Amino acid sequence: MRRVYLMYCGRQVCKPIPRIIISLVLLLAIVGSVSILNIAANLLNTGSVTGLVRFLVTAFTEAEVLVQALALALVAMLGWAGMDIARNTKLVTYSEPL
């Protein structure tokens, strides 16, 4: 019966509205866990592209494990939504393997 529930939940998450809701919940969890004002202030003081990349890497690696997991889950959800949008608007085509 667990497999049936897993398949049901998987199909529900594949729909656009639940995916948007999950993404918003992840975003709200991140916003509640970090200080957006301090991040914005530090982000403005990076100075260059390499400083920006260094800041992003350092901020991610020094964050708590929960914040890292939430950020990775949010990036995965946004990537999945982006690929789905691209596939549905025919920006990306997939050919059958030989």
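This section reports on the structure supplied with the text. (Residues numbered from 1 in each chain as written. Predicted model: local features only at pLDDT ≥ 70, side-chain atom pairs only at ≥ 80, totals over all residues. Heavy atoms only, no water.)

### Things to note about the environment of Asp84
Turning to step 1, where the next piece is worked out: You can see Asp84 is positioned in helix H5 (residues 65–88).
Turning to step 2, where the next piece is worked out: Spatially, the C-alpha atom of Asp84 lies 18 Å from that of Leu72, the residues being twelve residues apart in sequence.
Turning to step 3, where the next piece is worked out: Here Arg19 takes part through its side chain, which lies 3.3 Å from a polar atom of the side chain of Asp84. (Helix = DSSP H or I, 4+ residues; strand = E, 2+ residues; numbered from the N terminus. Polar contact = N/O pair within 3.5 Å; in protein donor to acceptor, adjacent residues only side chain to side chain.)

### Structural notes on the layout of surface pockets
Turning to step 1, where the next piece is worked out: Its volume calculated, the largest pocket comes out at about 600 Å³.
Turning to step 2, where the next piece is worked out: Lining the largest pocket are 21 residues, with Val34, Ile39, Ala59, Phe60 and Ala63 positioned closest to its centre.
Turning to step 3, where the next piece is worked out: Looking at the lining of the largest pocket, its residues break down into 14 nonpolar, five polar and two charged. (1 Å grid on protein atoms, 1.4 Å probe; cavity = no way out; pocket = protein on both sides within 12 Å on 5 of 7 lines; lining within 4 Å. Points joined across faces, edges and corners; volume = space filled by probe spheres on them. Nonpolar A, V, L, I, M, F, W, Y, C, P; charged D, E, K, R; others polar.)

### Concerning the nonpolar core
Note that soluble globular proteins tend to have their nonpolar side chains buried in a common cluster.
Turning to step 1, where the next piece is worked out: Core analysis: the biggest nonpolar cluster contains five residues, these being Leu26, Ile30, Leu70, Leu74 and Met77.
Turning to step 2, where the next piece is worked out: Broken down by element, the residue count for this core peaks at three residues, all from H5.
Turning to step 3, where the next piece is worked out: What Met77 contacts, discounting residues up to four positions off in sequence, is Arg19, Ile22, Ser23 and Leu26. (Core = buried A, V, L, I, M, F, W, Y, C linked by side-chain atoms within 4.5 Å. Buried < 20%, exposed > 50% of the residue type's maximum accessible area, 1.4 Å probe, protein only. Contact = heavy atoms within 4.5 Å.)

### Concerning a nonpolar patch on the surface
Turning to step 1, where the next piece is worked out: A cluster of nonpolar residues, Ile17, Ile20, Ile21, Leu24, Val25, Leu27, Val31, Ile36 and Ile39, forms a patch on the protein surface that exposes about 790 Å² of accessible area.
Turning to step 2, where the next piece is worked out: At the level of elements, helix H2 (16–33) and helix H3 (36–44) are the ones that each hand at least two residues to the nonpolar patch.
Turning to step 3, where the next piece is worked out: Per-element accounting of the nonpolar patch gives the leading share, seven residues, to H2.
Turning to step 4, where the next piece is worked out: Classification of Ile36 as partly exposed rests on a relative accessible area of 44%. (Patch = residues over 30% accessible without salt bridge, like charges linked within 9 Å, V, L, I, M, F, W, Y side chains within 5 Å. Areas by Shrake-Rupley, 256 points an atom, 1.4 Å probe, with all protein chains shown as cover. Salt bridge = Lys/Arg side-chain N within 4 Å of Asp/Glu carboxyl O.)

### Some words on the pattern of salt bridges
Turning to step 1, where the next piece is worked out: This model, assessed by the stated rule, comprises one salt bridge.
Turning to step 2, where the next piece is worked out: Across the pair Arg19 and Asp84 runs a salt bridge whose closest N-O atoms are separated by 3.3 Å. Separated by 65 residues along the polypeptide, Arg19 in helix H2 and Asp84 in helix H5 bring together distant segments of the chain.

### Overview of H2
Turning to step 1, where the next piece is worked out: In a regular helix each residue adds 1.5 Å, so 18 residues correspond to 26 Å; H2 covers 26 Å between its end C-alpha atoms and thus fits that length.
Turning to step 2, where the next piece is worked out: If you check which residues of H2 are buried, you get Arg19, Ser23, Leu26 and Ile30. One side of H2 holds all its buried residues, which, seen down the axis, span an arc of 60°. Facing away from the buried side of H2 by over 90 degrees, the exposed positions are Ile17, Val25, Leu28 and Gly32.
Turning to step 3, where the next piece is worked out: Its buried side turned inward, H2 meets helix H1 (2–13) and H5. (Expected span 1.5 Å × (residues − 1). Arc of directions from axis to C-beta.)

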